[in-house]
Amino acid sequence: MKYSIKKGDNVLVLAGKDAGKSGEILAVDRENGRVVVAGVNIQSHHKKPRSKDDQGGILKSEGAIDVSNVQVICPACNKATRVAHNLVDSKKVRICKKCGATLDVAKKTAKSSKK
C-alpha cells in the first residue's frame, strides 16, 4: 500500500500511550502498515547472557506503531498536517495541506571542497 510517510520525516503521534509525542521515523514497514518512531513506544527486552563475556540485562528499543496513528509535521509551519501530492518539474512531490510548502527536502550532496 502507498503511504505519504517516508523514513526521516518528523511525525506527531495521534493515538496510543505516547499520543502527543513527536519524533523522526526510523523505519517504515509498508507490507504491515507500521512505522518505527524514535523515542515512541519504548519496549523492554530481557536478554540472558549466553557466555561469561556476554552482557545480559534489559534492553530498551522502539516498537512499531500503526501508520494511521501518526501525522507528518510540516518543516515550514511546524504543524501536523495531511499530505497532498502535486507535480513540480515533472516530479511528484508531497505538499503540506495547511501552508502549501513542499515536504520533500532535496537530497543534499556533501561534496568536500579542497582549498
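One can find the structure itself at the top, above this paragraph.
Criteria and thresholds
- Residues numbered from 1 in each chain as written.
- Predicted model: local features only at pLDDT ≥ 70, side-chain atom pairs only at ≥ 80, totals over all residues.
- Heavy atoms only, no water.
- Salt bridge = Lys/Arg side-chain N within 4 Å of Asp/Glu carboxyl O.
- Buried < 20%, exposed > 50% of the residue type's maximum accessible area, 1.4 Å probe, protein only.
- Helix = DSSP H or I, 4+ residues; strand = E, 2+ residues; numbered from the N terminus.
- Polar contact = N/O pair within 3.5 Å; in protein donor to acceptor, adjacent residues only side chain to side chain.
- Contact = heavy atoms within 4.5 Å.
- Patch = residues over 30% accessible without salt bridge, like charges linked within 9 Å, V, L, I, M, F, W, Y side chains within 5 Å.
- Areas by Shrake-Rupley, 256 points an atom, 1.4 Å probe, with all protein chains shown as cover.
- Lys, Arg positive; Asp, Glu negative; His and termini not counted.
- Charge placed at Lys NZ, Arg CZ, Asp CG, Glu CD.
- Core = buried A, V, L, I, M, F, W, Y, C linked by side-chain atoms within 4.5 Å.
- Disulfide = S-S within 2.5 Å.

**Thoughts on the pattern of salt bridges**
Stage number 1. Summed over all chains, the structure comprises five salt bridges.
Stage number 2. In this structure, the salt-bridge partner of Asp54 is Lys47, at a minimum N-O distance of 3.1 Å.
Stage number 3. According to the relative accessible area criterion, Asp54 is partly exposed, its value standing at 25%.
Stage number 4. Among the ionic contacts, a cluster of salt bridges with common partners joins Lys6, Asp9, Arg94 and Asp104.

**Points about the side chain of Thr81**
Stage number 1. For Thr81, the position within the fold is in strand 8 (residues 80–81).
Stage number 2. With a relative accessible area of 2%, Thr81 lands in the buried category.
Stage number 3. Within the structure, Thr81 has its side chain in polar contact with the backbone nitrogen of Lys97 (distance 3.3 Å).
Stage number 4. The contacts of Thr81, once residues within four sequence positions are left out, are Gln71, Val72, Cys74, Cys96, Lys97 and Lys98.

**Quick word on the environment of Lys98**
Stage number 1. Here Lys98 shows up in the segment after strand 10 (91–96).
Stage number 2. By relative accessible area, which is 54% here, Lys98 ends up exposed.
Stage number 3. Apart from residues lying up to four places away in sequence, Lys98 is in contact with Lys79, Ala80 and Thr81.
Stage number 4. For Lys98, the side chain forms a polar contact with the main-chain oxygen of Ala80, separated by 3.1 Å.

**Let's talk about unusual backbone geometry**
Stage number 1. For Asn78, which is not a glycine, the phi torsion comes out positive at approximately 55 degrees.
Stage number 2. For Asn78, the location among the structural elements is in the loop between strand 7 (70–73) and strand 8.

**Concerning a positive patch on the surface**
Stage number 1. A cluster of like positive charges, contributed by Lys79, Arg82, Lys97 and Lys98, occupies part of the molecular surface.
Stage number 2. Counting through the fold element by element, Arg82 comes out in the loop between strand 8 and strand 9 (83–88).
Stage number 3. Of the residues examined, Arg82 reaches a relative accessible area of 57% and is grouped as exposed.

**Considerations on the nonpolar core**
Stage number 1. Counting residues in hydrophobic clusters, the biggest one holds 15 residues, and the most contacted among them are Ile5, Ile25, Val35, Val37, Ile65, Val70 and Leu103.
Stage number 2. Residue assignment for this core shows that the elements contributing at least two residues are strand 1 (10–13), strand 3 (34–37) and strand 7.
Stage number 3. Residues in contact with Leu103, not counting those within four places in the same chain, are Val72, Cys74, Pro75, Val83, Arg94, Ile95 and Cys96.

**Digging into the environment of Lys52**
Stage number 1. Structurally, Lys52 can be placed in the loop between strand 4 (42–47) and strand 5 (57–62).
Stage number 2. In this structure Lys52 comes out as exposed when scored by relative accessible area, which is 79%.

**Brief notes about the state of the cysteines**
Stage number 1. This model, assessed by the stated rule, comprises zero disulfides.
Stage number 2. You can see Cys74 has no disulfide; the closest cysteine sulfur is in Cys99, sitting 3.6 Å from it.
Stage number 3. Taking relative accessible area as the criterion, Cys74 reaches 0% and is therefore assigned buried.

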